[in-house]
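For reference, the chains in residue letters:
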Amino acid sequence: MQNIFLKQNLSSELKTIAQKVFTGNRITTEEGLFLYQHAEIGYVSVLANFIRKAKNGDIVFFNKNIHIEPTNICVNNCHFCSYSRKKNEPGFWEFSIDEIIEIISAHRDKKITEVHIVGGVHPDRDIHFYCELLQKIKQLYPEIFIKAFTAVELDYMINKAGFSLSQGLALLKQSGLDAIPGGGAEIFDTTIRKQLCHEKSTAAMWLAVHEEAHKQGIPTNATMLYGHVENYSHRIDHLNQLRNLQDKTKMFQAFIPLKFRNKNNKLSYLKEVSIVEDMRNYAISRIFLDNFVHIKAYWPMIGKEATQLALSFGVDDIDGTIEDTTKIYSMAGAEEQKPSLSTNEIIELIQSVNLKPIERDTLYNHIHEF
Ligand code: V47
Ligand code: SF4
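First things first, this report covers the structure right here in the doc. (Residues numbered from 1 in each chain as written. Chains lettered and ligands numbered in written order. Predicted model: local features only at pLDDT ≥ 70, side-chain atom pairs only at ≥ 80, totals over all residues. Heavy atoms only, no water.)

1. Description of the overall build of the chain
- The helix and strand inventory of the chain stands at 15 helices and nine strands.
- Against the globule reference of 21 Å for 370 residues, the chain gives a C-alpha radius of gyration of 20 Å, in line with a compact fold.
- A separation of at least 24 residues holds for 74% of the contacts in the chain among residues at least 6 apart in sequence.
- A total of about 14800 Å² of accessible surface is found on the chain, and carbon and sulfur atoms cover 51% of it.
- When the 41 positive and 45 negative side-chain charges of the chain are each reduced to one mean point, those points stand 3 Å apart. (Helix = DSSP H or I, 4+ residues; strand = E, 2+ residues; numbered from the N terminus. Rg over C-alpha atoms; globule rule 2.2 N^0.38 Å. Contact = heavy atoms within 4.5 Å. Areas by Shrake-Rupley, 256 points an atom, 1.4 Å probe, with all protein chains shown as cover. Lys, Arg positive; Asp, Glu negative; His and termini not counted. Charge placed at Lys NZ, Arg CZ, Asp CG, Glu CD.)

2. Here we look at helix α4 (residues 41-56)
- For α4, spanning 16 residues, the distance from its first C-alpha to its last is 22 Å, which sits close to the expected 22 Å at 1.5 Å a residue.
- The set of residues buried in α4 consists of Tyr43, Val44, Ser45, Leu47, Ala48, Ile51, Arg52 and Asn56.
- Gly57 occupies a position one or two residues after α4 and carries a positive phi of about 60 degrees. (Expected span 1.5 Å × (residues − 1). Buried < 20%, exposed > 50% of the residue type's maximum accessible area, 1.4 Å probe, protein only.)

3. Structural notes on the pattern of salt bridges
- Applying the stated criterion across every chain yields a total of 21 salt bridges.
- Where Arg26 meets Asp290, a salt bridge forms, and the shortest distance between an N and an O atom there is 3.0 Å. Of this pair, Arg26 sits in the loop between α2 (12-22) and α3 (29-38) while Asp290 sits in the loop between α12 (275-288) and β6 (294-295), placing them 264 residues apart in sequence.
- On the accessibility criterion, Arg26 (29% relative accessible area) is partly exposed.
- The class for Asp290 is partly exposed, based on a relative accessible area of 24%.
- Among the ionic pairs, Glu272 bridges to Arg261, the shortest N-O distance being 3.2 Å. Separated by eleven residues along the polypeptide, Glu272 in the loop between β5 (252-259) and α12 and Arg261 in the loop between β5 and α12 bring together distant segments of the chain.
- Connected via shared salt-bridge partners are Glu230, Arg235, Glu277 and Arg280. (Salt bridge = Lys/Arg side-chain N within 4 Å of Asp/Glu carboxyl O.)

4. Things to note about the side chain of Thr307
- Positionally, Thr307 belongs in helix α14 (residues 304-310).
- Filtering out sequence-adjacent residues up to four positions away, Thr307 remains in contact with Ala297, Trp299, Ile302 and Ile318.

5. So, the site of ligand 1
- Around ligand 1 sit 23 residues in total, of which Lys147, Gly183, Gly184, Glu186 and Lys296 are the nearest.
- Here an oxygen atom of ligand 1 sits 2.7 Å away from a polar atom, N or O, in the side chain of Lys147.
- Considering ligand 1 on its own, with 620 Å² of exposed area, one finds that the protein chains cover 96% of that surface.
- At the level of elements, β4 (220-226) and β5 are the ones that each hand at least two residues to the shell around ligand 1.
- Top contributing element to the shell around ligand 1 by residue count: β5, with three residues.
- Here the shell around ligand 1 is built from residues that sort into eleven nonpolar, six polar and six charged. (Near = heavy atom within 4 Å. Polar contact = N/O pair within 3.5 Å; in protein donor to acceptor, adjacent residues only side chain to side chain. Nonpolar A, V, L, I, M, F, W, Y, C, P; charged D, E, K, R; others polar.)

6. Re the sheet that holds β5
- Taken together, three strands build an open sheet; the order of strands is β4-β5-β6 and the sheet is parallel. One side of each edge strand has no neighbouring strand; the edge strands of this open sheet are β4 and β6.
- Strand direction decides the pairing type here: β4 and β5, joined by six bridges, are parallel. In the strand pairing of β5, Leu225 is matched with Leu258. (Pairing = 2+ DSSP bridges.)

7. Side note on helix α10 (residues 203-215)
- With 13 residues, α10 extends 18 Å between its outermost C-alpha atoms, agreeing within 8% with the 18 Å of an ideal straight helix rising 1.5 Å per residue.
- Those residues of α10 lying buried are Ala203, Trp206, Leu207, Val209, His210, Glu212, Ala213 and His214.
- In this fold, the buried residues of α10 make contact with α7 (151-160), α8 (165-175), α9 (190-197), β4, α11 (232-249) and β5.
- One or two steps after α10, the chain reaches Gly217, where phi turns positive at roughly 80 degrees.

8. Quick word on the packing of α8 against α10
- Relative to each other, α8 and α10 sit at 55 degrees, their axes nearing to 10 Å. The angle between α8 and α10 falls in the class oblique. For the pair α8 and α10, the crossing hand works out as right-handed. The residues of α10 that touch α8, namely those facing Leu165, Ser166 and Leu169, are Met205, Ala208, Val209, Glu212 and Ala213.
- Taken together, the residues of the contact of α8 with α10 break down into six nonpolar, one polar and one charged. (Axes fitted to C-alpha atoms, helices over the stretch in contact; angles between N-to-C directions. Parallel < 35°, antiparallel > 145°, perpendicular 65-115°, else oblique. Left-handed = near helix turned anticlockwise from the far one by under 90°.)

Below is the structure:
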């Protein structure tokens, strides 16, 4: 394949990039930008697919999980957010610890291995509330992994209680926190971040939270919110900052591109990007992030068919069964209004593109092969 590729009538830049990919070498930020600006979609698909196969063979991972969003009350006002509310505003919710436990117990028969907990930054809840929540979950369901709280929620809850980052994360880990999801990263570029979410934790803080978590042995994910007011340079800058941190710590598990959805938020005047753009973005992320093992497509965000397609653009993980437990995307207009897939549907989705489904746990240990 390499030779055919290199003999094609391609620009010298594209040939150099192909050569680097086929020999396992890293592309530069300039080359990443060049791919976004000039490469055909078929070209990036072939390269991303090559890397996916080299890293993960024919395996596509999924897990059995539920999402819990403890509250949508939030101190921030991110312009892309469709689901946050102020207290007592119509549509707000605020689950108690017992109510959260009830949600988990209602899904016990589904044999879930993970709870993913992400919500608004509640003004009155600090780390003590969340440690109690983690302890109760662990006490009742010690076999379930808890992947919880974005860096933005962590920054706020730890700060509010007057702890340092390292003290706070140590306490949360001790209470049962197993992993940290990738949310809150949005776009690291300062100017764009100010336009999107000026009150939110800074990019430097997001990176500091993840670096400290890695130092303490807590694996985390990374995301990038794309398709709003950013340009390709901002995306490459974001990917580059993630790649640099991963070089240092090697504790990011997966990178998850999050497509901006435009319903019911302050950025509703923006058009959503096309599915071609989504695929280009998956592929270039796969090519650029040579030190990330997994690229995840979050199916409730882009829909089932686009998720299948993404498996030819570098994606090797499609997240979980979710069981209709997330509102972040349905409130923002994602087509999966009732996001739930049975294990059989996930298996069929993967097998019908001739790949091999494997149920994983949060740490990518294999649970079932199909
Ligand atoms: O940070 C909010 C995004 C994120 C919109 O780690 C939006 O496994 C698109 O982090 N359009 C939170 N995106 C969710 C998240 C996540 C999701 C799935 C898996 C994992 C993981 C993490 O949701 C926020 C923000 O970037 N978001 N509003 C919107 N209108
Ligand atoms: Fe709050 Fe998160 Fe929504 Fe921003 S994206 S307003 S931090 S819930």
